[in-house]
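Remarks on the overall topology
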Amino acid sequence: MAILVKNIKALVQVEEKPVVWRAGKEMKTLHTIENAYLLTEGKKIIDFGKMYDFNPEKLSKIKEKIEEIDATGKFVFPSFCDSHTHIVYAGSREIEYIDKIKGLSYEDIAKRGGGILNSAQRLADASEDELYKAAMERLKEMAAYGTGAVEIKSGYGLTTETELKMLRVIKALQKESPLIIRSNFLGAHAVPLAYKGKQQEYVELIINEMIPLVATEELADFIDVFCDKGFFTVEETERILMQGIKYGMRPKIHANELDYSGGIQVGVKYNALSVDHLEYTGDEEIACLLNSETMPTLLPGAAFFLNMVYAPARKMIDAGLPVALASDYNPGSSPSGNMQLILSMGCIKYKMVPEEALNAVTINSAYAMGISDMAGSIAKGKIANFFITKPIPSLEFMPYAFGSNKVEQVFLEGRRFSNL
């Protein structure tokens, strides 16, 4: 199938010469073509430009059936890239939500067996088929809001058997879903109850048993650690990352969500693709990130839901850093995969202008999951993942109207996605 979208009010985030990310002042750069067309063939974008430059003879060279779509009054965006999710889980945690309302902290809930440990018990009791079906429904909902690429982490297993179960489910989703999916092994998400007071033994289990088995089955693209107050230390994080690197997994880090943990520095030291959360980021952390290849990734949904401080996004961008935004979709601290809402939060809570926030949820978040060569912008040769909005007055309307779904049609791998 080939698709010609014509009379587009504005085609957003177009690139003649694709970039890997946008940083600092460049985050305000968002190339847009008014009165545009977009042409795809198979799974790829093959052409775009202004309508008055469109040559109908281009269609004669396409051997596939061509669907023409009139997008008068509508915008076309590249699909959002959500580089941080935990969507393979069993059951919700709304009771803990009530505990938070009553004043219990994230750490308080975790200490009494809630939080991640709660999800670990539920996941252990669920079958792979149950987990797959639930996660696939979440993916479909995310796609309906404009997401076309997702990184999914393990970390609710916390035993070798259940971590592998999660990763096998993610692998099955990769095969069956039209979204681009990357897999992240996060065995070091928390210390299971069986290892309370024996944290080093659990670290040894991750290093000596889990990582080799994950690698043998080729189940993960990345290795991740929750390097923060009350979870894993810098020294433990380094040991886990080094083993992951040895087995071909690039590091990523949950860092500085709860305190100045050193997680950002250890992430940069080991060339992590991204460091995520970053609520506690100061001058030292910003200086460390500058001139690195590590993407600072902020998760406003978690800060909002947990009523925490927000990462200093404005300071980071003004210092010259790139910033990505992701949903952190999970049952405990961010139960939403709506990237339109994350886009709005980027503007409302982080004081990002719409262009900066849109770069943060497209090209920069694509980089944060290692796919900026195939997603995150409208460019020839990239995968044809995009969405057409309902009629909207302006680009700024996307983050402004945070309570409604502005997406009318979704296309993934050059085919119409029908779960709307």
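Since we're looking at a predicted model, the values are computed, not measured. (Residues numbered from 1 in each chain as written. Predicted model: local features only at pLDDT ≥ 70, side-chain atom pairs only at ≥ 80, totals over all residues. Heavy atoms only, no water.)

**As for helix α14 (residues 354–361)**
Extensive coverage of α14 is indicated by the burial of 7 of its 8 residues. If you check which residues of α14 are buried, you get Pro 354, Glu 356, Ala 357, Leu 358, Asn 359, Ala 360 and Val 361. (Buried < 20%, exposed > 50% of the residue type's maximum accessible area, 1.4 Å probe, protein only. Helix = DSSP H or I, 4+ residues; strand = E, 2+ residues; numbered from the N terminus.)

**Structural notes on the pairing of strand β5 (residues 75–78)**
If a strand is regular, its side chains alternate between the two faces of the sheet. Side chains of β5 alternate between two faces, with Phe 75 and Phe 77 and Val 76 and Pro 78 buried alike. The pairing of strand β1 (residues 2–12) with β5 spans 2 bridges and is parallel. Counted as the bridge partner of Leu 11 is Val 76 from β5. Two elements, β5 and strand β14 (residues 386–389), share 3 bridges in a ladder whose sense is antiparallel. Looking at the pairing, Val 76 lines up with Ile 388 of β14. (Pairing = 2+ DSSP bridges.)

**Topic: the pattern of salt bridges**
Per the stated rule, a full pass over the model turns up 18 salt bridges. Between Lys 382 and Glu 15 there is a salt bridge, with the nearest N and O atoms lying 3.7 Å from each other. Of this pair, Lys 382 sits in the loop between α15 (363–368) and β14 while Glu 15 is found in the loop between β1 and β2 (32–41), placing the two residues 367 residues apart along the sequence. As far as burial versus exposure is concerned, Lys 382 and Glu 15 are alike and both buried. Of the charged contacts, one joins Asp 47 and Lys 58 as a salt bridge, the two residues approaching to 2.3 Å between their closest N and O atoms. With Asp 47 in strand β3 (residues 44–50) and Lys 58 in helix α1 (residues 57–60), this residue pair connects regions lying 11 residues apart in the sequence. Through salt bridges with shared partners, a single ionic network connects Glu 151, Lys 153, Asp 224 and Lys 252. (Salt bridge = Lys/Arg side-chain N within 4 Å of Asp/Glu carboxyl O.)

**Examining the sheet that holds strand β12 (residues 295–298)**
A sheet is described by the order of its strands in space; here 8 strands give the open sequence β6-β7-β8-β9-β10-β11-β12-β13, paired in parallel fashion. Edge positions in the sheet fall to β6 (80–85) and β13 (324–325), since each has one partner strand and no second. Pairing analysis gives 3 bridges linking strand β11 (residues 274–277) to β12, with the strands arranged parallel. If you follow Val 275 over to β12, its bridge partner there is Pro 296. Packing of helix α6 (residues 160–176) onto the sheet brings it into contact with β7 (147–153) and β8 (180–188), and relative to β8 it is tilted by some 175°. (Contact = heavy atoms within 4.5 Å. Axes fitted to C-alpha atoms, helices over the stretch in contact; angles between N-to-C directions.)

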